[in-house]
Amino acid sequence: MNLRKLLLLMAVVLGIVAFFAFDLGRFFSLEFLQQSQARFAELRAQQPLALAAGYFLLYVAVTALSLPGATIVTLAGGAIFGLGWGLLLVSFASSIGATLAFLTARFLLRDSVQGRFGQRLAEVDKGIQKDGAFYLFTLRLIPVVPFFVINLLMGLTKMKAWTFYWVSQIGMLAGTAVYVNAGTQLGQLTSLQGIVSPGLLGSFVLLGLFPLIARKIVEAVQKRKVYAKWASVRPRTFDRNLIVIGAGAGGLVSAYIAAAVKAKVTLIEAHKMGGDCLNYGCVPSKALIRSAKLAHQMRHASHYGLSDATPAFSFKAVMQRIHDVIAAIEPHDSVERYTGLGVEVLQGYAKLLNPWTVEIALNSGGTQRLTARSIVIAAGARPFVPPLPGLDEVGYVTSDTLWDQFAKLDEIPKRLVVLGGGPIGCELAQSFARLGAQVTQVEMAPRVMIREDEEVSSLAKASLEADGVAVLTGHKALRCELVNGEKTLVVEHAGVEKRIAFDQLLCAVGRVARLTGYGLEDLGIPTNRTVETNEYLQTIYPNIYAAGDVAGPFQFTHVAAHQAWYAAVNALFGDFKKFKADYSVIPWATFIDPEVARVGLNEQEAKERKIPYEVTKYGIDDLDRAIADSEAHGFVKVLTVPGKDQILGVTIVGTHAGDLLAEYVLAMKHGLGLNKILGTIHTYPTLAEANKYAAGEWKRAHQPHRLLAWVKRYHDWKRT
């Protein structure tokens, strides 16, 4: 605590101590005020300005220090100065005093509270920034909520001091007027309870509800305004309760939920059911990774006491297996399955004609128009192709097209360039290198997997290089050239150009939301890299929702499914209750070898957001099962609140890291700390014990050393 904070704290404490030590509370009673009424009237007649100034300063001090007695002082304002001047003095004094209490709490307590509960308060601060004035106004109108509590708690948020002041000035006016008016009738009062009758309290509650009602009215007006140009085409009745555009993870789950609650739902998909995950992303890439890992294990069989062997395989057979895996999973996402669940599935291109009408250009020919009360956009994302000069001339594949294009090849590409050092680029680069390709990975950033901690990026790079990948970080792709049939990528590093010859070029520099081709522009729905939505996943049209990659902020299959629940439930039941999408605990994994999995904060993010943390780290090289499996590399790194076992985030690097992470995801979701994980029995010998041992490392670092010293003395005494 710095000197200024210490001095302010001492001043506040001394003021409060003096109040109670000198029994100043006796001057803040109804009896004292009634007995002194004549004296105050005399003072007002003799020195009106001095009395008013003294009263004003006293009120500010009482409010700023959150002392008991504000009610009596308010009554005194009416008794001494009358309704007009009393209301004027009390109104400004109470608002200034409340603002001083607000600023004091912010100055003294906010840093420490943010340090302990920063992650949880982040969502509160977002709400305060958006609707803080509205909620503060509502609270000020209802005097049953202690004002001093509001002052202190608001000081811990990011609400602006000026906003706090003017909202308090207006919001407290009604309650202030009641008490000041009661003070003008001081002689008739017998108790403070008599001021606020049940009827008056009920009136205050109704007054407090007024902003809520007003907000609903404003929302209705805004809703009418946004739909105004479409009023003439709004259907009187609807063909469907819900139309879902896109049959990836977000669309499938949205349609499933709608059918489960017996809503009439139509799911529209232009291409393949299952979307990117089944056909181009998660499923085929993991099938490739498994084949590549087996080839790697065969080459290093000596690690398991066997003889190293060069794997003999057909690249066509490897690619065929990938398509077989896709075919085996396809029934889970098929038209037949969803039709059986009660979903109408139409295959074709959907376009929004107005907020309720969708036109489908059917793949089988012809068009069909449907109306729905609500619509969910789940159009997904596509690979981003950088605008490199000469790229089209040399040809390229993406994470979407490589599965079909490479399936046509008799042999694996001899020289493969992978553009991109993110999760997709790293997974594919390592896999193709393990299958025998000469892989060069080009990344413009200073390191691969830039969102992870530096030590994770370094470990990932070392792993890729160990498998033969030439990792070129800090290299910017400039152009592609085709000279005498030789394909070349020209890159720049440290001001020097370099040429990389290749047979195949794979673009894996990220994915962008599909935002065109289905009517967003015609409806004026804002897009900025993704479809813009509110916290309920609504677009500017309250009946049109977006979920999955097209909505962001995360491009993960499991997040798309997570959002789909909110989109579907809000779309179908939002008239009764709407739910804000919850992104507080989002896990993800990169399936290189060793895997990298994370949930919550890592050190890099914690530092950027200035969130205090402690690090606990357990090396998997110490784990019995990992040693037995010859997989003894990697670590579990847990970030916790300083001095507490509350988990802020976890990064796991090692075999099956994505599976091991689930225990921490559950713990964070339900507020369980490391002590709970340590006290849970884990089967021996399993990889999951790494989570228990990480918790044990935290416990060991937080031993009560002083207590243990006394325990040692006790045991020494017992031996005598």
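Procedures and definitions
Residues numbered from 1 in each chain as written. Predicted model: local features only at pLDDT ≥ 70, side-chain atom pairs only at ≥ 80, totals over all residues. Heavy atoms only, no water. Buried < 20%, exposed > 50% of the residue type's maximum accessible area, 1.4 Å probe, protein only. Helix = DSSP H or I, 4+ residues; strand = E, 2+ residues; numbered from the N terminus. Pairing = 2+ DSSP bridges. Axes fitted to C-alpha atoms, helices over the stretch in contact; angles between N-to-C directions. Core = buried A, V, L, I, M, F, W, Y, C linked by side-chain atoms within 4.5 Å. Contact = heavy atoms within 4.5 Å. Salt bridge = Lys/Arg side-chain N within 4 Å of Asp/Glu carboxyl O. Patch = residues over 30% accessible without salt bridge, like charges linked within 9 Å, V, L, I, M, F, W, Y side chains within 5 Å. Areas by Shrake-Rupley, 256 points an atom, 1.4 Å probe, with all protein chains shown as cover.

## Examining the pairing of strand β20 (residues 595–600)
Then, number 1: Among the six residues of β20, six are classified as buried, and the element is accordingly described as predominantly covered.
Then, number 2: Where strand β19 (residues 587–590) lies against β20, four bridges are found, and the strand directions are antiparallel. Bridge pairing links Ala-589 to Ala-597 in β20.
Then, number 3: The antiparallel hairpin formed by β19 and β20 contains four residues in its connecting segment.

## Focus: the sheet that holds strand β11 (residues 476–483)
Then, number 1: Strands sit in the order β11-β12-β13 across an open sheet of three strands; the sheet is antiparallel. Whereas interior strands pair on both sides, the edge strands pair on one side only; in this sheet they are β11 and β13 (496–502). Shown here is a sheet whose adjacent strand axes are inclined to one another by a mean of 25°, direction ignored.
Then, number 2: Note: strand β12 (residues 486–493) against β13, seven bridges, orientation antiparallel. Paired with Val-490 across the strands is Arg-499, a residue of β13.

## Some points on the nonpolar core
Then, number 1: One finds Leu-288, Leu-402, Trp-403, Phe-406, Phe-432 and Val-439 to be the most contacted residues of the largest nonpolar core, which totals 40 residues.
Then, number 2: Setting aside residues up to four positions removed in sequence, Trp-403 forms contacts with Asn-279, Tyr-280, Pro-284, Ser-285, Leu-288, Met-319, Ile-322, His-323 and Leu-428.
Then, number 3: In this structure, Trp-230, Ile-245, Ala-372 and Tyr-541 belong to the second largest nonpolar core, which totals 29 residues.

## A word on the pairing of strand β5 (residues 367–377)
Then, number 1: Pairing geometry for strand β1 (residues 240–245) and β5, over five bridges, is parallel. Paired with Leu-242 across the strands is Ser-374, a residue of β5.
Then, number 2: Of the strand pairs in this sheet, strand β4 (residues 357–362) and β5 are connected by five bridges, and their pairing is antiparallel. Residue pairing in the sheet places Thr-357 in a bridge with Thr-371 of β5.
Then, number 3: Connecting β4 to the antiparallel partner β5 that follows it, the hairpin turn spans four residues, and Gly-365 within it adopts a positive phi of roughly 110°.

## Some details on the pattern of salt bridges
Then, number 1: What the rule picks out here adds up to 28 salt bridges.
Then, number 2: One salt bridge in this structure joins Lys-286 and Glu-427, with 3.3 Å as the shortest N-O distance. Residue Lys-286 is found in helix α12 (residues 282–299), and its partner Glu-427 is found in helix α17 (residues 423–434); the two are separated by 141 residues along the sequence.
Then, number 3: When its relative accessible area of 27% is taken as the criterion, Lys-286 is described as partly exposed.
Then, number 4: The salt bridge involving Arg-511 is made with Asp-400; its shortest N-O contact spans 3.3 Å. Taken as a pair, Arg-511 in strand β15 (residues 511–513) and Asp-400 in the loop between β7 (397–398) and α16 (402–407) lie far apart in primary sequence, 111 residues in all. Each of the two residues, Arg-511 as well as Asp-400, counts as buried.

## Some details on a nonpolar patch on the surface
Then, number 1: A surface patch of nonpolar side chains, about 540 Å² in accessible area, is lined by Trp-85, Leu-88, Phe-92, Ile-96, Leu-100 and Leu-103.
Then, number 2: By the secondary structure assignment, Leu-100 is in helix α5 (residues 70–141).

## Some points on the sheet that holds β7
Then, number 1: The strand order across the open sheet built from five strands is β7-β14-β8-β9-β10, with neighbouring strands paired in parallel fashion. This sheet does not close on itself; its edge strands, each paired only once, are β7 and β10 (470–473).
Then, number 2: As paired strands, β7 and strand β14 (residues 504–507) are joined by two bridges and run parallel to one another. Looking across to β14, one finds that Thr-398 is bridged to Cys-507.
Then, number 3: α17 contacts β8 (415–419), β9 (438–443) and β14 of the sheet and is inclined by roughly 165° relative to β9.

Shape is all these values report; function is a separate question.
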